[in-house]
Structures are given as C-alpha cells and as structure tokens.
Amino acid sequence: MYFLVDPREAVNEGYKASFEREGVSSFGLLPDEFLSWIEAASQSDLDAVQGFLLGDFEERAKCATSIRRHSRAPIIALADLRSLEQTVQLLDAGIDDVLPKPVHVREILARSEAIWRRVNGALPAPTESAPTVERLKVFHDGRDPEIDGVPLSLPRRERHILEYLVRNRGRRLTKTQVFNVVYGVYSNGVEESVIEGHVSKLRKKLSERLGHDPIEAKRYMGYTYNG
C-alpha cells in the first residue's frame, strides 16, 4: 500500500486511480490529517505502507520527519516545478527522492523499490540447498515476472502478492499482512479470505513453470517465499 499526502484532494484521487490501474492499493489524506494519522497509527498499519508519496505543499519536511520516526518506508516528494534549492532542502529533510511532475506511477514504483533495497539491504545469499541462479525474477514496477527469462503473465493482485513475498524472502507473512499490503488497511467490502484464493492460484502457476512450489503455506500461520 502507498500513502498519498497532498492538500488537493483531486491530486490524491488522481494518483490513487493510477495506482489502482497497476493493481497497487493506496490511500490519500490531507497534510493535517496525515500528521494526526501517523502519530496514532498502529505498527501493523505502518508495516503495510510500502512508500509515502508527498505532493507539493509547505509541510512536506515536517511530514517527512514524522514518517521517519515511525517507518523506514521510502519517501518520495513530487514537485510541481523544478527547483534545485527546493530539491536540496527536501533531501536534507530526509526525503529519499524528488520527482518533477508529471511522473508515471510505474516510475514511482521502480524508484521506491530501489530506495527500499538501499535502505534494507540486498536479499540474503542463497544457502547450500538453494539454487545459486534465481530462475524467477520480479521487477516491482508493473511488469510481469520472468521465469528463465520468459514472462509469466499474472493478474495484478497475484503479481503484487508475489512481489511482496519475494521482497520478504524467508520471512513468514500472515494472511493479514499480505491483505493489508495488497488491498490496503482501509479497504471496504473485501474479506481477508480472498488472499487464500490468490495465493493458491499463484502457487499453481509457479509450480507449473518452476517444477516446484516456491511458496510455503501453513494454515493459520501464513506464507513464506523460499525460492
């Protein structure tokens, strides 16, 4: 889930629609509402946020400071106009990247993933029992994954689940965690049980192409991507 902050509701709604077209959940708030939210948000809600997108408004540096007290997720600022002085100030305030508008959501996703890798480090090295060459490759930018260099066409939700599991390789993720990331913590009218169906279909497709199931699923415990 991506969090959008801008004093213009139309901007939040526009980016929300763009994220939705890529199969990525998002939620938007006005700056004052956001500052209240992040100070009161639960850790599970914060963990579901994969990136914060800050529009062009005066309180961006203050928002960035509040975010960094609670989350390590990437912070990207959007700039209505190019300004070297403003960019330097925003980077000094703790914002990870500044993008001039217009910018495509897929570029935001790719930059966010690159920031996440720098902050959290690379994936752990393969063990003796794991293959040294990764046959499965995910991109985190709207493209379908590849297996042995051949694209694997997936519905957007399944692709997003796979990306989240691969990003957290070796870590057990609960159904609630996966649901919150894919559908958002404030989704309405969707039951968590939908994740079971998505993961089941995803595992079948991966098994058919890889010859084994890379996702370990345990009832009541969640899912682990082992590669």
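Please refer to the structure placed before this passage.
Quick notes on the rules
Residues numbered from 1 in each chain as written. Predicted model: local features only at pLDDT ≥ 70, side-chain atom pairs only at ≥ 80, totals over all residues. Heavy atoms only, no water. Helix = DSSP H or I, 4+ residues; strand = E, 2+ residues; numbered from the N terminus. Rg over C-alpha atoms; globule rule 2.2 N^0.38 Å. Contact = heavy atoms within 4.5 Å. Buried < 20%, exposed > 50% of the residue type's maximum accessible area, 1.4 Å probe, protein only. Arc of directions from axis to C-beta. Pairing = 2+ DSSP bridges.

> Explain the overall build of the protein chain to me, please; I cannot follow it from the model alone.
Looking only at helices and strands, one finds nine helices and ten strands in the protein chain. For 227 residues, the compact-globule estimate of 2.2 N^0.38 gives 17 Å, and the C-alpha radius of gyration of the protein chain, at 18 Å, lies within 12% of that figure. Each principal axis of the C-alpha atoms in the protein chain carries an extent, and together these give about 55 × 35 × 30 Å. Here the contacts in the protein chain between residues at least 6 apart in sequence split such that 57% fall between residues at least 24 apart.

> Even after reading the chapter, I still don't get helix α4 (residues 60–70), so can you show me in this structure?
It helps to recall that an α-helix has 3.6 residues per turn; residues three or four apart then point in one direction. Within α4, burial applies to Arg 60, Cys 63, Ala 64, Ser 66 and Ile 67. Down the axis of α4, the smallest arc covering the buried residues is 165°, so these residues share one side. Away from the buried face of α4 by more than 90 degrees, exposed residues Lys 62 and Arg 69 are located. Where α4 is buried, its residues meet α2 (31–40), β3 (51–54), β4 (75–79) and α5 (84–92).

> Any chance you could explain the pairing of strand β1 (residues 2–5) here in plain terms?
Looking along a regular strand, one sees side chains alternate from face to face of the sheet. Neither face of β1 is open: one carries Tyr 2 and Leu 4, the other Phe 3 and Val 5, and all of them are buried. Summarising the sheet, β1 and strand β2 (residues 26–29) pair through four bridges and their orientation is parallel. Counterpart to Val 5 in the pairing with β2 is Leu 29. Two strands pair when backbone bridges link them, and β1 and β3 are joined in this way by four bridges, in the parallel orientation. Residue pairing for β3: Phe 3 is matched across the bridge by Phe 52.

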